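Structure assessment
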Amino acid sequence: MEKSTKLYWRKIIIIFKTFWYYLKFFPFPKRLGLFHSFGYHFDDLLEHADKLFYYGVASFLALLAAYFFVPFEIQFAMIWIVAYLAIFSNIVTAQQFVSERYAYISSIGFCIILAYILQNYIPVLMLIIGLYIMRVWIHLPSFRNEVRFYESNALNFPDSEVAMGNLGVAYLNHGLPGKAVDTWLEATRINPAYDVPWYNLYSFSKQNGFVLDAKSYIKKCLDAKLVHFP
């Protein structure tokens, strides 16, 4: 993570990847939660040019080209979007590498563009607003309790070992140890190099007298790429 806070030339790739990640989140906020697959763990793969990088470059160039042919209101919205996204595009990373809440202010610019384009098509605008309201309404029950919240995260991000690991802790806190163990094992299947679920399995096995299992789990925890425990 220390490397992510430094400025170096390959950060250009990460910046455009992050830009694309936030930009597509505006019209399609389908995955709301604490965890995600892109950029949660900073690693060298993020510095490699792939389709996310090219999407980011293409979208930025498209915005730049369109800027000179659109009305002032949309120009203002474009500047608003890019200005706020630039703050959190990982030029120099601070705290979380990627977080959906960073796109909140920039989304106002998207709303301005959408409202301007559809100002003469009120039924269409109302339909889109209604769909967004429904999305929020469906998501609200996720905050009923700890288990529902982390289950929602795991459903939205089934490839996130962090989401699975935290769901296991929630199950254990609510007296569901079997489900907790199964969920931690699923987290280790997703990413065997992530130490937290291995440590949780070790701690649970040790407390319940499964010494051989505990020894196996702590060894895998210590073999992880990054160990968060002293």
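Computed from a predicted structure; not experimentally measured.

Quick notes on the packing of aromatic side chains
Counted according to the given criterion, the structure contains 15 aromatic pairs. Aromatic side chains F16 and F53 sit 6.0 Å apart centroid to centroid with 80 degrees between the ring planes, which places their arrangement in the edge-to-face category. With F16 in helix α1 (residues 11-25) and F53 in helix α2 (residues 51-67), this residue pair connects regions lying 37 residues apart in the sequence. Among the residues examined, F53 registers a relative accessible area of 14% and is labelled buried. Seen from their ring centres, Y21 and Y22 are 5.8 Å apart, and the 70 degrees between their planes marks the pair as edge-to-face. Overall, Y21 belongs to the buried group, its relative accessible area being 13%.

Here we look at the environment of H174
Within the element layout of this structure, H174 appears in the loop between α7 (161-173) and α8 (177-190). Residues within four places of H174 in sequence aside, it is in contact with E146 and V147. Only 3.1 Å separates the side chain of H174 from the backbone oxygen of A170, close enough to count as a polar contact.

Section: the pattern of salt bridges
Taken as a whole and assessed by the stated rule, the structure comprises three salt bridges. Of the charged contacts in the structure, one is a salt bridge between K17 and D50, with a shortest N-O distance of 3.2 Å. Within this pair, whereas K17 is found in helix α1, its partner D50 is found in the loop between α1 and α2, the two being separated by 33 residues in sequence. For the salt bridge of D223 with K219, the shortest nitrogen-to-oxygen distance reads 3.2 Å. Of the two residues, D223 and K219, neither departs from the other in class, the shared state being exposed.

Parameters at a glance
Residues numbered from 1 in each chain as written. Predicted model: local features only at pLDDT ≥ 70, side-chain atom pairs only at ≥ 80, totals over all residues. Heavy atoms only, no water. Phe/Tyr/Trp six-rings, centres within 6.5 Å; stacked < 30°, edge-to-face > 60°. Helix = DSSP H or I, 4+ residues; strand = E, 2+ residues; numbered from the N terminus. Buried < 20%, exposed > 50% of the residue type's maximum accessible area, 1.4 Å probe, protein only. Contact = heavy atoms within 4.5 Å. Polar contact = N/O pair within 3.5 Å; in protein donor to acceptor, adjacent residues only side chain to side chain. Salt bridge = Lys/Arg side-chain N within 4 Å of Asp/Glu carboxyl O.

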